[in-house]
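Fold and contact review
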Amino acid sequence: MAYEEVIFYFVAALTVLGALGVVLARNVVHSALFLILALLAVAGVFILLSAEFLAIVQVLIYGGAVTILILFAMMLTRVRDMPQALDGPQKPFAALAAAAFLGLSVLAAVSTEWPGETDQITLVPFRDLGESLFRNWAAPFEIASLVLLVALIGAIILARGEEGE
Amino acid sequence: MIPIENFLVLSSILFSLGIYGVLARRSAVLILMSVELMLQAVSINFIAFAVYLSPEQFTGLIFAIFVITVAAAEVGLALAIVLRIYRNKATANVDEVDALKW
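Residues numbered from 1 in each chain as written. Chains lettered and ligands numbered in written order. Predicted model: local features only at pLDDT ≥ 70, side-chain atom pairs only at ≥ 80, totals over all residues. Heavy atoms only, no water.

**Looking at the overall build of chain B**
A tally of regular secondary structure across chain B gives 3 helices and 0 strands. Going from N to C terminus, chain B has its helices and strands arranged as α-α-α. The C-alpha radius of gyration of chain B comes to 17 Å, more than 25% above the 13 Å expected for a compact globule of 102 residues. With respect to the three principal axes, the spread of C-alpha positions in chain B is 50 × 25 × 25 Å. For chain B, the proportion of its 102 residues judged to be buried stands at 63%. For chain B, the exposed area adds up to about 3,800 Å²; of that, 68% sits on carbon and sulfur atoms. (Helix = DSSP H or I, 4+ residues; strand = E, 2+ residues; numbered from the N terminus. Rg over C-alpha atoms; globule rule 2.2 N^0.38 Å. Buried < 20%, exposed > 50% of the residue type's maximum accessible area, 1.4 Å probe, protein only. Areas by Shrake-Rupley, 256 points an atom, 1.4 Å probe, with all protein chains shown as cover.)

**Section: helix 1 (residues 4-24) of chain B**
Here helix 1 of chain B contains 21 residues, and its C-alpha end-to-end distance of 30 Å stays within 8% of the 30 Å for a straight helix at 1.5 Å per residue. In terms of burial, helix 1 of chain B is a largely internal element, 16 of the 21 residues being buried. (Expected span 1.5 Å × (residues − 1).)

**Section: the packing of aromatic side chains**
All names here are of chain B. Scanning all chains against the criterion turns up 7 aromatic pairs over all chains. Aromatic side chains Phe7 and Tyr52 sit 6.1 Å apart centroid to centroid with 55° between the ring planes, which places their arrangement in the tilted category. Note that Phe7 is positioned in helix 1 and Tyr52 in helix 2 (residues 28-53), a separation of 45 residues in sequence. Across this residue pair, the class does not change: Phe7 and Tyr52 are buried. (Phe/Tyr/Trp six-rings, centres within 6.5 Å; stacked < 30°, edge-to-face > 60°.)

**Some thoughts on helix 3 (residues 59-89) of chain B**
Across its 31 residues, helix 3 of chain B extends 44 Å between first and last C-alpha, which sits within 8% of the 45 Å expected from 1.5 Å per residue. Downstream of helix 3 of chain B by one or two residues, Ala90(B) has phi in the positive range, about 60°.

**Structural notes on the interface of chain B and chain A**
Contact with chain B, which involves 68 residues of that partner, is made by 91 residues of chain A. Carbon and sulfur atoms make up 76% of the area that chain B and chain A hide from each other, which totals about 7,200 Å². At the boundary of chain B with chain A, the tally comes to 12 residue pairs in polar contact (both at pLDDT 80 or more). Going through the elements one at a time, helix 1, helix 2 and helix 3 of chain B are the ones with two or more residues in the side of chain B that touches chain A. Examining the composition of the side of chain B that touches chain A, we find that 22 residues originate from one element, helix 3 of chain B, more than from any other. Broken down by class, the residue content of the side of chain B that touches chain A amounts to 48 nonpolar, 13 polar and 7 charged. (Contact = heavy atoms within 4.5 Å. Buried area = accessible area lost by both parts, 1.4 Å probe. Polar contact = N/O pair within 3.5 Å; in protein donor to acceptor, adjacent residues only side chain to side chain. Nonpolar A, V, L, I, M, F, W, Y, C, P; charged D, E, K, R; others polar.)

**Focus: a nonpolar patch on the surface**
A cluster of nonpolar residues, Leu146(A), Leu149(A), Val150(A), Leu152(A), Ile153(A), Ile156(A) and Ile157(A), forms a patch on the protein surface that exposes about 680 Å² of accessible area. Given the relative accessible area of 43%, Leu149(A) is considered partly exposed. (Patch = residues over 30% accessible without salt bridge, like charges linked within 9 Å, V, L, I, M, F, W, Y side chains within 5 Å. Salt bridge = Lys/Arg side-chain N within 4 Å of Asp/Glu carboxyl O.)

**Quick notes on the pattern of salt bridges**
Under the criterion given, the structure shown has 2 salt bridges over all chains. Among the ionic contacts, a cluster of salt bridges with common partners joins Arg127(A), Glu131(A) and Arg135(A).

**Looking at the environment of Leu83(B)**
Tracing the backbone through its elements, the reader meets Leu83(B) in helix 3. Separated by 58 residues in sequence, Leu83(B) and Arg25(B) have C-alpha atoms that sit 18 Å apart. Among residues more than four places away in sequence, those in contact with Leu83(B) are Leu76(A), Thr77(A) and Ala159(A).

**Topic: the packing of helix 1 of chain B against helix 2 of chain B**
All names here are of chain B. In the contact formed by helix 1 and helix 2, the axes pass within 8 Å of each other and the chain directions differ by 165°. With respect to helix 2, the axis of helix 1 lies roughly antiparallel. Two packed elements cross with a definite hand, and for helix 1 against helix 2 that hand is left-handed. Residue composition of the contact of helix 1 with helix 2, by class: 19 nonpolar, 6 polar and no charged. (Axes fitted to C-alpha atoms, helices over the stretch in contact; angles between N-to-C directions. Parallel < 35°, antiparallel > 145°, perpendicular 65-115°, else oblique. Left-handed = near helix turned anticlockwise from the far one by under 90°.)

**Focus on the packing of helix 4 (residues 91-111) of chain A against helix 1 of chain B**
Contact geometry for helix 4 of chain A and helix 1 of chain B: axes closest at 8 Å, N-to-C directions at 165°. The orientation of helix 4 of chain A relative to helix 1 of chain B falls into the category roughly antiparallel. Here helix 4 of chain A runs over helix 1 of chain B; the crossing is right-handed. Every residue of helix 1 of chain B that contacts helix 4 of chain A at Lys91(A), Phe93(A), Ala94(A), Ala95(A), Ala97(A), Ala98(A), Phe101(A), Leu102(A), Ser105(A), Val106(A), Ala109(A) and Val110(A) is listed here: Glu5(B), Leu8(B), Val9(B), Ser12(B), Ile13(B), Phe15(B), Ser16(B), Ile19(B), Tyr20(B), Leu23(B) and Ala24(B). Among the residues forming the contact of helix 4 of chain A with helix 1 of chain B, the class breakdown is 18 nonpolar, 3 polar and 2 charged.

**Section: the confidence of the model for chain B**
Residue and element names in this part refer to chain B. On average, residues of chain B carry a pLDDT of 87, and 99% of them reach 70 or more. Within chain B, the element-level pLDDT minimum falls on helix 3, averaging 89, and the maximum on helix 1, averaging 92. The complex model carries a pTM of 0.89, and its ipTM stands at 0.89. (pLDDT = per-residue confidence, 0-100.)

And the structure:
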């Protein structure tokens, strides 16, 4: 077995472990910590796919900002004091739906003959990726900035208390 | 060389765990975390297809960047909404927020 396969299985196991922790942990703070593990392991998967830029973005945005936001929301909504808020009676149905999707999706992925499979992954240079983003995808980029601005203003207005509250 | 199927199976597992979390959990914050897992699965798929099937174009990578951008906006807005619900109803349990249920 080549060393990259060993690394892949290690990182994949970490990802699945983290994801299992997120959905199964009885303590919500543990859930959030497992989420950090899963997100950092996914960054490792991105590096294996030679997408270093996305791995860096993943660590910065998910590993840092998103998990901090989620922990803050947990603190402010006191979700820890509500043990009944963990799982609902729909658990068996949820497991069934997830298993059905998993079976279908794995079957589709394994049985398909993937065309044009390259023998080795070509490294994506930052420079080319940036050029492509700002030349071919400039309009979506600007729209994404607008989406972020709207989300920023909307979140402030929603979370701010009203006058006299 | 790792075959592309490995990445697709990994992202399938991640997505199913996200589905399970969204359906089974009752706290809005935990549901959001499961949604994050599903978005991660989608990003892995996009990048795997981009580097394996069309390495000379960056469409999949660019799409993954936009997925991350939209996910960041989504988390910010959704948590603000959860906070608002908590302030009005003193709970973040989605089963108890049923004012629109007939």
